[in-house]
Amino acid sequence: MKLELTGGKLLTHEEYRAMGYKCGLEIHQQLNTEKKLFCHCPVGLVYKEPDAKILRHMRPTLSELGEYDGTALMEFKTRKEVIYQLFRDNTCTYEMDDTPPFPVNQQAIDIAIEIALLFNCSVVDEVHVVRKQYLDGSIPAGFQRTAVIGLDGWIPYKDRKIRIMMLTLEEDACREVSDIGHTITFTTDRLSTPLVEVITCPDIESPHEIQEINWLLAEVLRSSGKVRRGIGTVREDVNVSIKGGTRVEIKGVPKIGLHTALTHNEALRQRNLLEVKDMLNRKGLQKREDFGFRRSDVTDKADWKKFIPTLPDGVFRVMALVSRGIEEAINYPLQQGTDIASEIGGRVRVVACLDRMPNFMHSKAEKGNFVPVETWERLNKELKTEKEDTVILVWGSQKDTETALTEIEDRIAELAKGIPNETRQSLGNGVTDFERILPGPNRMYPDTDSSPTKITAERIQRIKDNLPPNPFTIMAYCDEQKIPRKITEKILKKGLGSLFYSTVKKSPLKPMTVAVFIAEKLPQLRREGHAIENGNYLWVEELLCSLEKDVLPHISALTAAARAYLSGKAATPAEAVRAAYHEDTPEEAIRSEIKLIAAKNEIASIVDRNKKTRAIMKLLKDKFGSFTATDKIAGTIDTLINTK
Ligand SMILES: [Zn+2]
């Protein structure tokens, strides 16, 4: 299935199912604690000059089984220098791996248990800290401390369940500042911030479902009210595979909107890679030896400076690799705008650190081939190639070109095997590029520095007793009350589910009125410039609960009351409501006057609703004088006109 077949469009849900599309999510959500997970440093990011810098080199160590992990070896091959930027205020010797961890932050465990319960997980009896190997330098210790908190959860979706495999509590890694050539720089402010990782089973059946499911998962996290909000506080990895394919992990998906395109493209990439594999296997290419790789130094075979735009300054080498049988494969399209050659370029970029693109060229390139035909012909002659041979050129330092050639040979040999196990990075346009080899299963081992924390039944019960309503409870309630989904979603998206649910249970107002006030009027008041603090909504509850019974009008009068309270014109929300409901003029009197006015010929003939409201208002003022809340009258008029 090449890309022309889809024309860059999504397939149908059934077509993805037929492909065997499977997708799961890993959501990393930072928790709103004061301190870090294993030390007493405060949580928070800083954007200032670092107080100190530390330079480190990473080395792989043998696992307990006496093997090197694939990722570990790959990271070692990159020969990176890692620079850490330190800040006096929020980094201590723990983060830099110079002292063992302090006891694990109990506030973080409580929040993680609460979130696990919201996801219907069973909570573990004991929290055991383990080490997860991390060799890209983003954690100075070379491993991340992580602990399982919940298992076997689920959320409802359509007529099925999306299963939650596991919920873990772990420390965040460093923020990457830059990654150029052999130097990678990290800043340590984010390091060791507590986060939960929610891992779903591969229960997402097509790219059409992914955004909605992702939103639901995020809503459960937010419903706790104890997670950090804002840029960088949530990061997601997406796992995708198809029938006959391999689980590929797309790392750090920045925007929810990208999930659909990314997983669609990854499914196609896997399908196309399987077709390339069949194509090569049919030609008898199965093993590495079948490709007949030959390397030659061709540095002095041409004036390369004339053609290659990305040659390094100073001394360089240009190396040629001859490969048999890939003349069709190398241009085979994979994702939108990428082909097998792009896969090779990605590996060379990451592993050999040749990151000025283009970082290689091949003799079968259809477009953008910047090496002239005569040069290729001369090279072919010199290298004694045959028709089905492809020549690949790489350039750089001696060491880098050697690493690059080995990587290119590896990647070509993998084409005959299928889809390599790897993590890929999102390029921001729905397309991915190689990031690293997927870590092996042996990257976890016990942390001998931390003692286990027993989770008592009483502790779980205490958290259960104070559990906020999860979004599914709220959605079910809103559906029952016939509140439009758009309004429900607005309430949830703004993290106001708890406020809505607790208010609606106490307020005499109709649930719809409470919902519209919270979903539409609160944001409107904020836009008008009123200071409305996130999380401090006690006044809203008081405002919406201070009427004794359900009397008209609502939304506009309530908004006027909120305005009066927020601008200091009323001392309490209840007082503002009393004033807005204009107790001196009985509601019935206003209503019947409106009815009289509306029946007048000159008013009845006005079609435009706003104009009509204004005209009625003017006549009302003549009758009653000035009103404390004209909004209230407008609301009543609107209701009466509408119900006619
Ligand atoms: Zn610290």
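Rules used throughout
Residues numbered from 1 in each chain as written. Predicted model: local features only at pLDDT ≥ 70, side-chain atom pairs only at ≥ 80, totals over all residues. Helix = DSSP H or I, 4+ residues; strand = E, 2+ residues; numbered from the N terminus. Buried ≥ 20, exposed ≤ 12 C-beta atoms within 10 Å, placed from the backbone. Contact = placed C-beta atoms within 7 Å. Expected span 1.5 Å × (residues − 1). Arc of directions from axis to C-beta. Pairing = 2+ DSSP bridges. Axes fitted to C-alpha atoms, helices over the stretch in contact; angles between N-to-C directions.

Visitor: I tried to follow the overall build of the protein on my own but got confused; where do I start?
Guide: Looking only at helices and strands, one finds 20 helices and 21 strands in the protein. A burial count over the protein gives 41% of its 644 residues as buried. Residue pairs in contact within the protein that sit at least 24 positions apart in sequence constitute 75% of those at least 6 positions apart.

Visitor: Just to check I follow, could you spell out helix α8 (residues 398-415) for this structure?
Guide: If you check α8, its first and last C-alpha atoms are 26 Å apart, about what 18 residues at 1.5 Å a residue would give, namely 26 Å. Taken together, the buried positions of α8 are D400, T401, T403, A404, L405, E407, I408, I412 and L415.

Visitor: Can you walk me through helix α10 (residues 471-480) in this structure?
Guide: Every α-helix carries 3.6 residues per turn, so stepping three or four residues along brings you back to the same face. Restricting attention to buried positions, one finds in α10 the residues P471, I474, M475 and C478. The buried side chains of α10 occupy one side of the element, clustering within an arc of 100 degrees when seen end-on. Along its buried surface, α10 packs onto α4 (207-223), α11 (485-493), α12 (497-506) and α13 (511-527). Looking one or two places after α10, you find K482, whose phi comes out positive at around 60 degrees.

Visitor: Can you help me understand the sheet that holds strand β14 (residues 294-297) in this one?
Guide: Hydrogen bonds along the backbone pair up the strands of a sheet, which may run parallel or antiparallel. The antiparallel open sheet is built from 4 strands, whose spatial order is β14-β15-β17-β16. Unpaired on one side and paired on the other, β14 and β16 (360-362) mark the two borders of the sheet. Each adjacent strand pair in this sheet contributes to an overall mean axis angle of 20 degrees, direction not counted. The pairing of β14 with strand β15 (residues 317-324) spans 4 bridges and is classified as antiparallel. Bridging across to β15, R295 finds its partner in L321. Running at roughly 150 degrees to strand β17 (residues 389-396), α8 makes contact with β14, β15 and β17 of the sheet.

Visitor: Even after reading the chapter, I still don't get the pairing of strand β12 (residues 234-241), so can you show me in this structure?
Guide: Within a regular strand, the side chains alternate between the two sheet faces. Sheet topology note: the strand β1 (residues 22-30)/β12 ladder contains 8 bridges and is antiparallel. For E26, the partnering residue across the bridge sits in β12 and is D237. In terms of strand pairing, β12 meets strand β13 (residues 248-253) through 4 bridges, oriented antiparallel. Bridge pairing in β13 links V238 to I250.

Visitor: What should I look at first to understand the sheet that holds strand β2 (residues 52-57) in this one?
Guide: An order of β2-β3-β10-β9 is seen for the 4 strands of this open sheet, with the pairing classed as mixed. Taken across any chain shown, the strands that pair with only one partner, and hence form the sheet edges, are β2 and β9 (175-180). When strand polarity is set aside, the average angle formed by the axes of neighbouring strands in this sheet is 20 degrees. Relative to strand β10 (residues 183-187), β9 is paired through 5 bridges, and the arrangement is antiparallel. Its bridge partner lying in β10, R175 is registered against T187.

Remember, this is a structural readout, not a statement about activity or role.
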